[in-house]
Amino acid sequence: MATSVRAAADGSPPPAPPAPRPARRRKAPSAWRSKLYRLDVKATPYTFIAPFFLTFAAFGLFPLIYTGWLSLHRVELGGDAEWRGLENYTGLADSDFFWNALANTFTIGVISTVPQLLMALGLAHLLNYKLRGRGFYRVAILAPYATSIAAATLVFAQLFNTDYGMINGFLGLFGIDPVNWETEKWPAQIAISTIVTWRWTGYNALIYLAAMQAVPNDLYEAAALDGASRWRQFISVTIPSIRPTILFTIVVSTIGATQLFGEPLIFGGSLGIGGGSANQYQTLSLLMYEKGWVTGSLGQASAIAWVMLLLLLCVGGAQALISRRNRKKTGAPS
Amino acid sequence: MRTSSRTRGRSRRTATAAVAGLATCAVLITGCSSDSEGGAGSDGKIELRVGTFGSFGYDNKTGAKLYAEYEKLNPNIKIVENNVSDGQKYWDTLKLRLSQGSGLSDIQAIEVGYIAEATSPAMAGKFVDLSTTDDVSTANFLDWKIKQATTPDNKVVGLGTDIGPMAICYRKDLFEKAGLPTDREEVGKLWEGDWEKFIEQGKEYQANAPKGTAFHDSASGLFNAVISSSPEQYSNSRGQLDWENSSGVKQAWDLAAEAAEADLTAKLRQFDEKGSWNAAFKNSKFATVVCPSWMTNIIKDQAGPENQGKWDIAAPPVAANWGGSFLSVPKAGKNTKEAAKLAAWLTAPEQQAKVFAKAGLMPSTTKAMESDEVKTAKIDYFGDTPVGEIYSAAAQKIEPAPIGRYDGQVKTFLTDNGILDIEQRGTDPDEAWKNVKNLIEDKIDQ
């Protein structure tokens, strides 16, 4: 004991690792001490993870439940709640704006996620080669991800400006009439998707790259011996080997696309919240925001939030099903 | 002995960890609510924050330097203005902050389109009643102006800053190139008495127009002008929303749609955040803009020195009031007493006259309106145009229309979603009308 105290006072490293159990049993401790000890062993892990669960309860669980409660009421911003039952949900089913927003969320999601993931796969494949300055490229493709949404969107909004933008200027060189990137439905959705794609391609590419590097080299050697070209190897070896990773990125991107908010909001400028003059790029999140903070119907906004949550749960469920099938097919342990 | 010492040591560590963990949580949970802002600054001065949108002409840079003047008169005060360009977004944010009772400036400006919402029972209680403030003399203000900000139980939630007597600002050089007269008297006669004539002149302009220019800046601007000149707007005399049956809305909608479909406009959204509208002033994209007195300041700022002397002001087809604002003092502000004093000072006749001379905001107090300072005022940017005379005359003809709680929101839907849709995307006006109707039903009736 004396040594250990002096050691601690000296500020030297803490005492050696726990003594073996037998040593403890030799001296029978008093009853309350052993109780305390047992409590210590059992409770300490919970104490260590408590901060997470407390934070989760305060910032995750409570808002979730409260939003659910709000969605069953008519709540005006700053006013009292009034019971409405499922009226907010049935109202959504009848609302053209909800279906329009849902459709927009889906189309923008598809035209941003699909090219994004395909490009990421290609980029990852290229980066997987042994090339000079590989480290630099790997960092460089992550740069867009590190850019803030607001900054990136502002720059893209300038590029896509109908009258003064660089993209229309460039198209003009080939005699193409200026495209109304903001007012026409599809050009606007494509412009927004471009921003999303630009930001996330590098991020996904790095995830793919990590997965690709875990593919055993023997497979490639065997394939090469069989006379498979690089492309053939990519299709027949790389893609099947990283299938779970691809599934993961699809799910993550789908979640991101469902929650799309900042890009259309800032891209639309003054008309951003409504998603353009005819709501042509209003997503579910924007509709929720407009309902909640512009018109002040918090109940309806909460209903939209819950519908979004249910949609995402469906996506999660589908992913679980597919990955289980996948595991069965590849024979991997589940 | 060793064992016991370790046990004690570990339990102490456990306790420390638990306390640390809990403390972290506590900090996280309370973190958001403990932000301290405003109040007395480090130098002991009281900081007053003023939230505005668009141009109020108070600031020390391009305005009448009223903040600097007030700070000189009251050395213990420091004023910070927080300005936003988009009035609609400003109001949305303000509403949210009022409902939460936080993040508010000491003085908040309110546009006339939203003043009926501010005086509604749900919101009126969140503002200081300015009729009981010492330095305020409600009798100074135009009768209809102060009434707009007065609740049924005679509380005054806002003091009028300005009103928006309207004229038409036009580009002399572009008119000349298109073969139209350039003298302001003659120009006014071209469309005197009827908005339909204004559209006719537009068609004539467009036929001979210099390439790349349009007659008018935006169909929404035209819509606002026409409805502002109508005695019947979005709400009936009892203040209830009745936009669908309003003759004013119908007329304004039809004319704006006609202008949009005949390509008389530059297809812009006024005050858009990306600045396309502002840039169009500089690049001479249009020849006319509906011009409430506050617009003169915007033209001066946006068209810039390279276009100085090219603008002139003519009488509108029909007299109208478009815009004008109020200064309110939210109860949740930090220094409501000092804020009310400042609001009263800023809206007093002397200051209003100064603001008019500098920024063209037409006073809302009769004394300032009739002062020589206002009547003979000219704005350098507009050369020898008798700006004060034109707007004072226009102000006399204003007939206030009833306003309701949802007017501002309905106006935004009609212009941003209806007219702009026709103008920019070529939507059929009937279709656009249906869309707006759906929107308003969806967003306003809860």
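Above this note sits the structure.
Residues numbered from 1 in each chain as written. Chains lettered and ligands numbered in written order. Predicted model: local features only at pLDDT ≥ 70, side-chain atom pairs only at ≥ 80, totals over all residues. Heavy atoms only, no water.

Peer 1: Before we move on, can you summarise the overall build of chain B with the specific residues and values?
Peer 2: The secondary structure content of chain B amounts to 20 helices and 11 strands. Taking all 446 residues of chain B together, 55% fall into the buried category. A fraction of 74% describes how many contacts in chain B between residues 6 or more apart in sequence connect residues 24 or more apart. In the form shown here, chain B has an accessible surface area of approximately 18400 Å², with 49% of it arising from carbon and sulfur atoms. (Helix = DSSP H or I, 4+ residues; strand = E, 2+ residues; numbered from the N terminus. Buried < 20%, exposed > 50% of the residue type's maximum accessible area, 1.4 Å probe, protein only. Contact = heavy atoms within 4.5 Å. Areas by Shrake-Rupley, 256 points an atom, 1.4 Å probe, with all protein chains shown as cover.)

Peer 1: I'd like a rundown of the overall build of chain A, residues and numbers included.
Peer 2: Counting its secondary structure elements, chain A contains 16 helices and 2 strands. Out of the 334 residues belonging to chain A, those deemed buried represent 37%. In chain A, once contacts between residues fewer than 6 apart in sequence are set aside, the share between residues at least 24 apart is 65%. When the accessible surface of chain A is totalled, it reaches about 19100 Å², and 68% of it is carbon and sulfur.

Peer 1: I'd like a rundown of the pairing of strand 3 (residues 107–111) of chain B, residues and numbers included.
Peer 2: All names here are of chain B. In terms of residue burial, strand 3 counts as a mostly covered element, since 5 of its 5 residues are buried. Neither face of strand 3 is left uncovered, since the one carrying Ile107, Ala109 and Glu111 and the one carrying Gln108 and Ile110 both have all their residues buried. In this sheet, strand 3 lies alongside strand 1 (residues 46–53) in parallel orientation, the contact comprising 2 bridges. When the bridges of strand 3 are listed, Val50 appears paired with Ile107. (Pairing = 2+ DSSP bridges.)

Peer 1: Any details on the packing of aromatic side chains? Residues and values, ideally.
Peer 2: Counted according to the given criterion, the structure contains 39 aromatic pairs over all chains. Centre to centre, the rings of A:Phe267 and A:Tyr281 are 6.0 Å apart; their planes meet at 70°, and the pair counts as edge-to-face. Note that A:Phe267 is positioned in helix 14 (residues 262–267) and A:Tyr281 in the loop between helix 14 and helix 15 (284–294), a separation of 14 residues in sequence. The pair A:Phe267 / A:Tyr281 is uniform in exposure class, with both members buried. Note on B:Phe271 and B:Trp277: the rings are 4.8 Å apart at their centroids and 55° apart in plane angle, and the pair reads as tilted. A residue is classified by how much of its surface remains accessible, and B:Phe271, at 27% relative accessible area, is partly exposed. Above the face of the B:Phe326 ring, B:Lys145 is positioned so that its terminal group lies 4.2 Å from the ring centre. (Phe/Tyr/Trp six-rings, centres within 6.5 Å; stacked < 30°, edge-to-face > 60°. Lys NZ or Arg CZ within 6 Å of the ring centre and 35° of its normal.)

Peer 1: Before we move on, could you go through the sheet that holds strand 9 (residues 311–314) of chain B and cite the residues and values that matter?
Peer 2: Residues and elements named next belong to chain B. Strand order across the open sheet formed by 4 strands is 7-8-6-9, with mixed pairing between neighbours. For this open sheet the edge positions go to strand 7 (214–216) and strand 9, each flanked by a neighbour on one side alone. Averaged over all adjacent pairs, the angle separating strand axes in this sheet is 20°, with direction ignored. Relative to strand 6 (residues 166–171), helix 18 (residues 387–396) is tilted by about 140°, and along the sheet it contacts strand 6, strand 8 (286–292) and strand 9. (Axes fitted to C-alpha atoms, helices over the stretch in contact; angles between N-to-C directions.)

Peer 1: Explain the pattern of salt bridges to me, using residue names and the numbers behind them.
Peer 2: Per the counting criterion, the structure on display carries 24 salt bridges over all chains. A salt bridge links A:Lys291 to B:Asp442; the shortest N-O distance between them is 3.0 Å. Of this pair, A:Lys291 sits in helix 15 while B:Asp442 sits in helix 20 (residues 429–443), on two different chains. Across the pair, B:Asp442 and A:Lys291 agree in class, each one buried. Each of B:Lys172, B:Arg184, B:Asp312 and B:Asp384 takes part in a single network of salt bridges with overlapping partners. (Salt bridge = Lys/Arg side-chain N within 4 Å of Asp/Glu carboxyl O.)

Peer 1: Pulling in residues and values, what's your account of a negative patch on the surface?
Peer 2: On the surface, a cluster of negative charge is contributed by B:Asp194, B:Glu196, B:Glu200 and B:Glu204. Structurally, B:Glu200 can be placed in helix 9 (residues 195–207). (Patch = residues over 30% accessible without salt bridge, like charges linked within 9 Å, V, L, I, M, F, W, Y side chains within 5 Å. Lys, Arg positive; Asp, Glu negative; His and termini not counted. Charge placed at Lys NZ, Arg CZ, Asp CG, Glu CD.)

Peer 1: Now, about the sheet that holds strand 10 (residues 325–328) of chain B: what can you tell me, with residues and values included?
Peer 2: All names here are of chain B. Ordered by their spatial adjacency, 5 strands build an open sheet running 2-1-3-10-4, and the pairing between neighbours is mixed. The sheet is open, and its two borders are formed by strand 2 (77–84) and strand 4 (159–160), each paired with just one other strand. In this sheet, strand 10 lies alongside strand 4 in antiparallel orientation, the contact comprising 2 bridges. Bridge pairing in strand 10 places Gly160 opposite Phe326. Here helix 3 (residues 87–100) sits on the sheet in contact with strand 1, strand 2 and strand 3, set at roughly 125° to strand 3.

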